[in-house]
Amino acid sequence: MTGTFTPNEMMTIVAARALKNSDVCFVGIGAPSAACNLARLTHAPDITLIYESGTIGTRPTVLPLSIGDGELCATALTTVSVPEMFRYWLQGGRITVGFLSGAQIDRYGNLNTTVVGPYEKPKVRLPGGGGAPEIASSCGETFITIAMSPRAFVERLGFITSFGHGRGRGDREALGLKTKGPTRIMTDLCVLEPEPDTKEFVVVSLHPDVTQEAVRAACGWPLRFSPQVKETPPPTPEELRVLRELQARTKKAHSADA
Amino acid sequence: MTEFCSLEEAIARNVRDGDTVAMEGFTHLIPYAAGHEVIRQQRKHLTLIRMTPDLIYDQLIGMGAADRLVFSWGGNPGVGSLHRLRDAVENGWPQPLALEEHSHAAMANAYEAGAANLPFAVFRGYKGVDLPKVNPKIRTVECPFTGEKLAAVPAIRPDVTIIHAQRADRAGNVLLDGIVGVQKQAVLAAKRAVVTVEEQVEDLGAPGLNAVILPAWTTSAIAVVPGGAYPSYAQGYYRRANGFYIAWDDISRDRTKFQDWMRDNVLGKGPEAFRSYGRRAVEA
């Protein structure tokens, strides 16, 4: 038995599992950072983690608060300038997987992190795209991790910050994109993957004790399920231990830096 | 050729009302002390350029120094919103703020184009996204050899770039180490450049033969301001004050609380207030 775990822990752990030891991963700000470092501290010790601040092959012992904490640079194989990072490494096609999050997502994996409401007179001004628009187009594939709610999983995005599959199959190719785009969305309730024929994201795996009804209620579009929905394996004791230790170390370090 | 002077003189001589100003430093080496000096000297109508506006531009915007912001990610990293930036955009307080919004890739390329004396930057980007619909400066060009459509943005050419660095030698050569961001490009793209440093030294002590060094003849003024990047950090000197970044969320959420904080910590103080943050930790 694994004991109890929170939906958030399940999300981070299922996101970490998606990464391979051989991946070269561009780590987006926020939730992806915890997942990527958990992967490195568990099943993928040799994974190359890259942050947009220019740090390549970083191995932080605590999670950075920003994408440019000193810990990232001090533990990196090398640190390059930001223009070099975006030109040679990202645009150069060296990254196998980009790991993103966002405020809102639609059924084709397009992301909004820019505004809610009209751009000129926004209801909510969000931070903006940062590295994400080009991470979404230049990485071999992208994973997305985002907690499910009707406000986050929306029928239609008011603003596309990062391009997923547009309005469906063939839209990436029509823009000349040769990368796969989003191939997996990891949430606190389930895992979604794009249906091959339509590129619409459908549920492929439900987390332990999560019902189809609960997932439907947390999604703003009429969510569909794969014909063979699996149950996500629960967190192992080792996964939970490493994640909790990482988060405890992180909290301690950040509160000390006042 | 650069000159060593006080921070007050460096800003007075190089930053004018209405200037296009880039204060760079990608999380690391953010020139806080210099930004505060710009606020104290009450510069107005600035166009502020920064990839990540961070707390320093939240402060400048909240104090009414800027008419326009050119940026690519406007949040408090790992914490949430920049409340003063949001208040300016959503409510026009204390004055309206025009936005020119890009992606990081676009701005990094645009700084590099500026340093390279090119009129614009070309790159693969902005595919399928909505920013080009709201920013008329995002265009496309066709590759003359293959016909491929590529994104283009104007080069960034600031009137003045302001950066913070670890140290300068007596001749005024400046060393940057760690996450070096876009500072070299931003300095070389600008008409004038102001640098604050942790310390002045006899020997730069460059960590290798390819260290990032800005020769004295590429900058306009250098002021020695230990701790001048706080609450950002200077690798090898002091760590990022993540606790302050978290605390800023509360300080900046309320207009009066923000103004009180600025009065007590910026308007009523000088660059020497940063000294206590410098050299605090050996391991950074």
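Residues numbered from 1 in each chain as written. Chains lettered and ligands numbered in written order. Predicted model: local features only at pLDDT ≥ 70, side-chain atom pairs only at ≥ 80, totals over all residues.

1. As for the overall build of chain B
Across its full length, chain B holds nine helices and 15 strands. What you see for chain B is a C-alpha radius of gyration of 18 Å, in line with the 19 Å of a compact globule of 284 residues. The principal-axis extent of the C-alpha atoms belonging to chain B is close to 55 × 50 × 35 Å. Each of the 284 residues in chain B was classed as buried or not, and the buried ones make up 55%. Here the analysis covers contacts within chain B between residues at least 6 apart in sequence; of these, 77% occur between residues at least 24 apart. (Helix = DSSP H or I, 4+ residues; strand = E, 2+ residues; numbered from the N terminus. Rg over C-alpha atoms; globule rule 2.2 N^0.38 Å. Buried ≥ 20, exposed ≤ 12 C-beta atoms within 10 Å, placed from the backbone. Contact = placed C-beta atoms within 7 Å.)

2. Here's the deal with the packing of helix H3 (residues 54–62) of chain B against helix H4 (residues 83–91) of chain B
Residues and elements named next belong to chain B. Orientation of H3 relative to H4, taken along the N-to-C sense of each, is 45°, at an axis distance of 7 Å. Of the possible angle classes, the one that applies to H3 and H4 is oblique. In this structure, H3 meets H4 at a crossing whose hand is left-handed. The segment H3 lies against H4, with Tyr 57, Asp 58, Gln 59, Ile 61 and Gly 62 engaging Arg 84, Leu 85 and Ala 88. (Axes fitted to C-alpha atoms, helices over the stretch in contact; angles between N-to-C directions. Parallel < 35°, antiparallel > 145°, perpendicular 65-115°, else oblique. Left-handed = near helix turned anticlockwise from the far one by under 90°.)

3. Topic: the interface of chain A and chain B
Taken together, the contact between chain A and chain B spans 43 residues of the former and 47 residues of the latter. When its residues are assigned to classes, the side of chain A that touches chain B shows 17 nonpolar, 20 polar and six charged. (Nonpolar A, V, L, I, M, F, W, Y, C, P; charged D, E, K, R; others polar.)

4. Observations concerning the pairing of strand E13 (residues 201–206) of chain A
Residues and elements named next belong to chain A. The pairing of strand E12 (residues 190–194) with E13 spans five bridges and is classified as antiparallel. Pairing of Cys 190 across the sheet is with Leu 206, part of E13. Where E12 hands over to E13, the hairpin turn is made up of six residues, of which Lys 199 adopts a positive phi near 70°. Where E13 and strand E14 (residues 225–231) come together, three bridges link them in parallel fashion. Bridging from a neighbouring strand, Leu 206 pairs with Glu 231 of E14. Note that the unit made of E13, helix H7 (residues 212–217) and E14 has a crossover that is right-handed. (Pairing = 2+ DSSP bridges. Right-handed = clockwise from strand over helix to strand, strands pointing away.)

5. Regarding the packing of helix H2 (residues 32–40) of chain B against H3(B)
All names here are of chain B. One can describe the packing of H2 onto H3 by two numbers: an axis separation of 10 Å at closest approach and a directional angle of 5°. Comparing the axis directions of H2 and H3 gives the class roughly parallel. Each of Tyr 32, Gly 35, Val 38 and Ile 39 in H2 lies in contact with H3, whose residues at this interface are Ile 56, Gln 59 and Leu 60. Split by residue class, the contact of H2 with H3 holds five nonpolar, two polar and no charged.

6. A look at H2(B)
All names here are of chain B. For H2, the buried fraction is high: seven of the nine residues fall into the buried class. Residues of H2 that are buried include every one of Tyr 32, Ala 33, Ala 34, Gly 35, His 36, Glu 37 and Val 38, and no others. Elements that come into contact with the buried residues of H2 comprise helix H1 (7–14), strand E2 (20–23), H3, strand E11 (160–169), strand E13 (192–201) and helix H9 (255–267). Following H2 by one or two positions, Gln 42 has its phi on the positive side, about 55°.

7. Thoughts on the environment of B:Val187
Residue and element names in this part refer to chain B. Residue position: Val 187 is located in helix H7 (residues 183–189). Of the residues examined, Val 187 has 28 C-beta atoms within 10 Å and is grouped as buried. With near-sequence residues (within four places) excluded, Val 187 lies in contact with Thr 161, Ile 163, Ala 193, Leu 214, Thr 218 and Thr 219.

8. Quick notes on the environment of B:Val70
Residues and elements named next belong to chain B. Positionally, Val 70 belongs in strand E4 (residues 66–71). Of the residues examined, Val 70 has 23 C-beta atoms within 10 Å and is grouped as buried. Sequence separation between Val 70 and Asn 109 is 39 residues, and the spatial gap between their C-alpha atoms is 14 Å. Dropping the residues within four chain positions of it, Val 70 is found in contact with Thr 47, Ile 49 and Glu 100.

9. Some words on the sheet that holds strand E9 (residues 139–142) of chain B
Residues and elements named next belong to chain B. On the basis of which strands lie adjacent, the open sheet formed by three strands has the order E8-E10-E9 and antiparallel pairing. On the outer flanks of this sheet lie strand E8 (120–123) and E9, each paired with one strand and no other. The sheet shows a mean angle of 40° between the axes of neighbouring strands, direction not considered. Here E8 pairs with strand E10 (residues 149–154) via four bridges, running antiparallel. Bridged to Phe 120 within E10 is Pro 154.

10. Regarding the confidence of the model for chain B
All names here are of chain B. Confidence in the prediction for chain B averages 96 pLDDT; 98% of positions are at 70 or higher. Confidence drops under pLDDT 50 across residues 280–284; counting only partners more than four residues distant or on other chains, this segment forms eleven contacts. Across the whole predicted complex the pTM is 0.96, and at the interface the ipTM reaches 0.96. (pLDDT = per-residue confidence, 0-100.)

11. Structural notes on the environment of A:Ala44
Residue and element names in this part refer to chain A. Turning to its location among the elements, Ala 44 is positioned in the loop between helix H2 (31–41) and strand E2 (48–51). Between the C-alpha atom of Ala 44 and that of Ile 13, which follows or precedes it by 31 residues, the distance is 13 Å. Among residues more than four places away in sequence, those in contact with Ala 44 are Leu 19, Lys 20, Asn 21 and Ala 39.

12. Here we look at helix H5 (residues 104–115) of chain B
Each full turn of the α-helix corresponds to 3.6 residues, which orients residues three or four apart in the same direction. If you check H5(B), its first and last C-alpha atoms are 17 Å apart, about what twelve residues at 1.5 Å a residue would give, namely 16 Å. The element H5(B) is extensively covered by neighbouring structure, given that twelve of its twelve residues are classed as buried. Within H5(B) the residues assigned to the buried category are B:His104, B:Ala105, B:Ala106, B:Met107, B:Ala108, B:Asn109, B:Ala110, B:Tyr111, B:Glu112, B:Ala113, B:Gly114 and B:Ala115. Residues of H5(B) that are buried in the fold lie against helix H4 (82–90) and helix H5 (132–138) of chain A together with E8, E10 and H7 of chain B. (Expected span 1.5 Å × (residues − 1).)

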